[in-house]
There are 2 protein chains.
Amino acid sequence: MLAEIITIGDEILIGQIVDTNSAFIGKLLNTIGVSVYQITSIQDERKHILKAFAEAESNADIIIVTGGLGPTKDDITKHTICDYFNDHLVRNEAVTNNIKSLWRDYVKQPLQQVNLDQALMPSQSKELMNTVGSAPGIWIEKNNKVFISLPGVPYEMKLLMENEVIPKLKVKYKRPYILHKTLITYGIGESMLAEKIEDWETHLPVHIKLAYLPNFGKVRLRLSAIGADSEEVIRDVDAEIQKVLPLIKEEYIGIEEEDGDLEIVISKQLTKLGKTLALAESCTGGKIAELFTSHAGASAYFKGGLVTYATQSKIDILGVPETLIATHSVVSAEVAEAMAEKARLLYKSDYAISTTGNAGPLKGDSDAEVGTVFIALATKNKIFSQKFELGKNRERVVNKAVNSALEILKKEIFKN
Amino acid sequence: MLAEIITIGDEILIGQIVDTNSAFIGKLLNTIGVSVYQITSIQDERKHILKAFAEAESNADIIIVTGGLGPTKDDITKHTICDYFNDHLVRNEAVTNNIKSLWRDYVKQPLQQVNLDQALMPSQSKELMNTVGSAPGIWIEKNNKVFISLPGVPYEMKLLMENEVIPKLKVKYKRPYILHKTLITYGIGESMLAEKIEDWETHLPVHIKLAYLPNFGKVRLRLSAIGADSEEVIRDVDAEIQKVLPLIKEEYIGIEEEDGDLEIVISKQLTKLGKTLALAESCTGGKIAELFTSHAGASAYFKGGLVTYATQSKIDILGVPETLIATHSVVSAEVAEAMAEKARLLYKSDYAISTTGNAGPLKGDSDAEVGTVFIALATKNKIFSQKFELGKNRERVVNKAVNSALEILKKEIFKN
């Protein structure tokens, strides 16, 4: 079962926005056994859209289009769909009522004709009701293929995918089972890793595909498998994981979670334990706090964090002794540990993490080399820190530091 | 002059990563007058890659491919390029030397044959020297078209684009001038805005294209123009902007900067003024701090910030009086203002911004409705706050709050 995703919008092609919709859709489709064959981003231009539709129809069973459904003149997706299917627009009463109630309850501005006209839909289509916006999703079936057109605004698209598209696809198609499992390794290059597991890789069954994903000091190994029988797929992949783990004992740091991100694993565990967290961030500049609070439910465990970027703020706000900084420099194990401990006491949390380092490009308030970062963890019983050399690239240094901090915390809270 | 971007990698199609490379490349190409016709993300699969190459060649003059250049078995781009051009691999001495010196100076692990073999390149190609990684960029010319293959790791791709690809394209092609100018409006819906400027839009010259980009309470209006003569393009676009501005006087809040983001405009102005900034974030959870510190040079103006997520931390760390919270609730103008002032005093900064609100999905430590956010700004002479109702969607509430905070600050620092 193959899908193609078409995202329409010049803003993607000129780099004004990053297309995050496709990744969301691809991930969600995979969970129900639909593989994405291709993602195509195209211009708001009639001929180009028609060409992409035709190519997608020849490639895939399910075509999901986002963008171009707004009320303004540059929104041409709906008309182009009519051209493609030799169809015309008719007014949909349920959508009309939805728009009226949205305007009455939320928008509270005059309802215009162009808004009401968003209820005009291709006559061959079924509506996918958009409860948070005026553009309905459009569902058209033709020769056992499905064309789905969704608004490009991410939260509208997400709700429609989850509440309308996925349930309908599940009913319409018998789908195989797709499994991705990703092992995370740290501290070894891609080619060295490949050498270590060469023999295992060579003997992988044909229905299991291996990918190497290097990023910020980690190499992730993704095993992907597809099959009719979910139990069989799971069993086969797990068997291969059991074979490879002894080969990468030193480098293996964990399996990537289904929901992807380390901070989610940590937040679940902290919530489960009823423990709380605080942060004192210097070189990571609030990025760790932002990661945790980007997910709902953070208030259950996250007490807060301080971004003490300037050296003076570490003294004034955290209360790190000035002499400690003078003696050891601001980028040091001692200062990192003091920061973590002070943050823990200030926020009265069970755990506190701190980062201090030099992300570059220039040396800051210390003589530490660019890329040197200290990360400390304070708990009720102990404080410890670790030194990292994270390279010369600012972006990488910060990202690696964030990852390393999360890993240190994860290790600690999963200990018992 | 048209380009097509092809990103290769199953990780994009299964939604394991978001493709940020394409936006970077698209934006950079636009600056030298190259338009991106299409972005195509495809599987690590030989047939699919060959098909995409052929289609791209028929669509565009410049084909830029990223991904699949690593040293492991799943990296097949280079071999597939050979298939496509009926070519074979030959060892490139300059690249070999580069790899050797990278391993000696940075990697400091044993140099393996697979690493050395990254210096094998299609015989018809020229190398684009990758000074930070072992995979060289590949440049192949054929019938006045260019195929460029780059590694998928973002920072390697970025350096190669900036230092190798762009300069070479500038020499090879005579290019037109592309201009995008984006006006930002706030507090009015897309359709209302369209109605206000309908007459102006209808009379736009054919070589100027208008796009509406609604997002988080703002609607951005992008004017795009292309032409042989840069002065003429600039003059025409500016003339249209002068015509439309009086029509959107109330809603217009500024022109989107070339570098895009509001925090860059603010950071430049603060650095210029020699003024400093501190933050006290509650519902924005560190996102504002992260925005500022994601750019180099933040230490010139950014003192730091506190994430006081839990109510108790606002009392314990910021020193907001408990009685103030009891009287007005934690989500109130009074508490926001106290937070900003306390942060400014703690960090000894010229400006401090605070946010307190309820991002949802549930009500927190206050009775405030989901979506209610107070933002305060403290300066040496005054403290003031503003109340916002930002809707029910957590992600939007946080993003709108971040935007609003930046806008309040921007207005203040550009006053004089």
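Fair warning: this is a prediction, and the values are worked out from it, not measured in the lab.

Engineer: Before we move on, could you go through the packing of aromatic side chains and cite the residues and values that matter?
Structural biologist: Residue and element names in this part refer to chain A. With the rule as written, the count across this model stands at 16 aromatic pairs over all chains. With a centroid separation of 5.5 Å and an interplanar angle of 70°, the aromatic rings of Phe 53 and Phe 147 are classed as edge-to-face. Of this pair, Phe 53 sits in helix H3 (residues 46-59) while Phe 147 sits in strand S8 (residues 145-150), and the two are 94 residues apart along the sequence. You'll find Phe 53 and Phe 147 in the same group, each marked buried. Assessed through its relative accessible area of 5%, Phe 147 is described here as buried. Put simply, the rings of Phe 53, Tyr 84, Phe 85 and Phe 147 pair up and form one aromatic cluster. Sitting over the face of the ring of Tyr 173, Lys 172 holds its NZ or CZ atom 5.4 Å from the ring centroid.

Engineer: Could you give me a rundown of the packing of helix H2 (residues 21-31) of chain A against helix H7 (residues 154-172) of chain A, with the residues and numbers involved?
Structural biologist: Residue and element names in this part refer to chain A. H7 packs onto H2 with a crossing angle of 20° between their chain directions and a minimal axis gap of 11 Å. By the angle between their directions, the pair H2 and H7 is classed as roughly parallel. Crossing of H2 over H7 shows right-handed handedness. Residues Asn 21, Phe 24, Ile 25, Leu 28 and Leu 29 of H2 form the contact with H7, whose participating residues are Pro 154, Met 157, Lys 158, Met 161, Glu 162, Ile 166 and Leu 169. Its residues placed into classes, the contact of H2 with H7 shows 9 nonpolar, 1 polar and 2 charged.

Engineer: Give a description of the sheet that holds strand S14 (residues 302-308) of chain A that names residues and reports values.
Structural biologist: Read across the open sheet, the 10 strands follow the order S17(A)-S16(A)-S15(A)-S13(A)-S14(A)-S14(B)-S13(B)-S15(B)-S16(B)-S17(B); overall the sheet is mixed. The outermost strands of the open sheet, each flanked by one partner alone, are strand S17 (383-389) of chain A together with strand S17 (383-389) of chain B. Strand-to-strand twist of the sheet, defined as the mean angle between neighbouring strand axes without regard to direction, takes the value 10°. Pairing of strand S13 (residues 277-281) of chain B with strand S15 (residues 351-357) of chain B involves 5 bridges; the strand directions are parallel.

Engineer: Describe the pattern of salt bridges, and please don't skip the residues or the numbers.
Structural biologist: All names here are of chain A. Taken as a whole and assessed by the stated rule, the structure comprises 34 salt bridges over all chains. Among the salt bridges present, the one from Glu 240 reaches Lys 243, with a minimum N-O distance of 3.0 Å. Remark: Lys 243 and Glu 240 occur in helix H10 (residues 230-244); sequence separation between them is 3 residues, near one turn of the helix. In this structure Glu 240 comes out as buried when scored by relative accessible area, which is 5%. Counted as one network, the salt bridges with shared partners bring together Lys 382, Glu 412 and Lys 415.

The rules we used
- Residues numbered from 1 in each chain as written.
- Chains lettered and ligands numbered in written order.
- Predicted model: local features only at pLDDT ≥ 70, side-chain atom pairs only at ≥ 80, totals over all residues.
- Heavy atoms only, no water.
- Phe/Tyr/Trp six-rings, centres within 6.5 Å; stacked < 30°, edge-to-face > 60°.
- Helix = DSSP H or I, 4+ residues; strand = E, 2+ residues; numbered from the N terminus.
- Buried < 20%, exposed > 50% of the residue type's maximum accessible area, 1.4 Å probe, protein only.
- Lys NZ or Arg CZ within 6 Å of the ring centre and 35° of its normal.
- Axes fitted to C-alpha atoms, helices over the stretch in contact; angles between N-to-C directions.
- Parallel < 35°, antiparallel > 145°, perpendicular 65-115°, else oblique.
- Left-handed = near helix turned anticlockwise from the far one by under 90°.
- Contact = heavy atoms within 4.5 Å.
- Nonpolar A, V, L, I, M, F, W, Y, C, P; charged D, E, K, R; others polar.
- Pairing = 2+ DSSP bridges.
- Salt bridge = Lys/Arg side-chain N within 4 Å of Asp/Glu carboxyl O.

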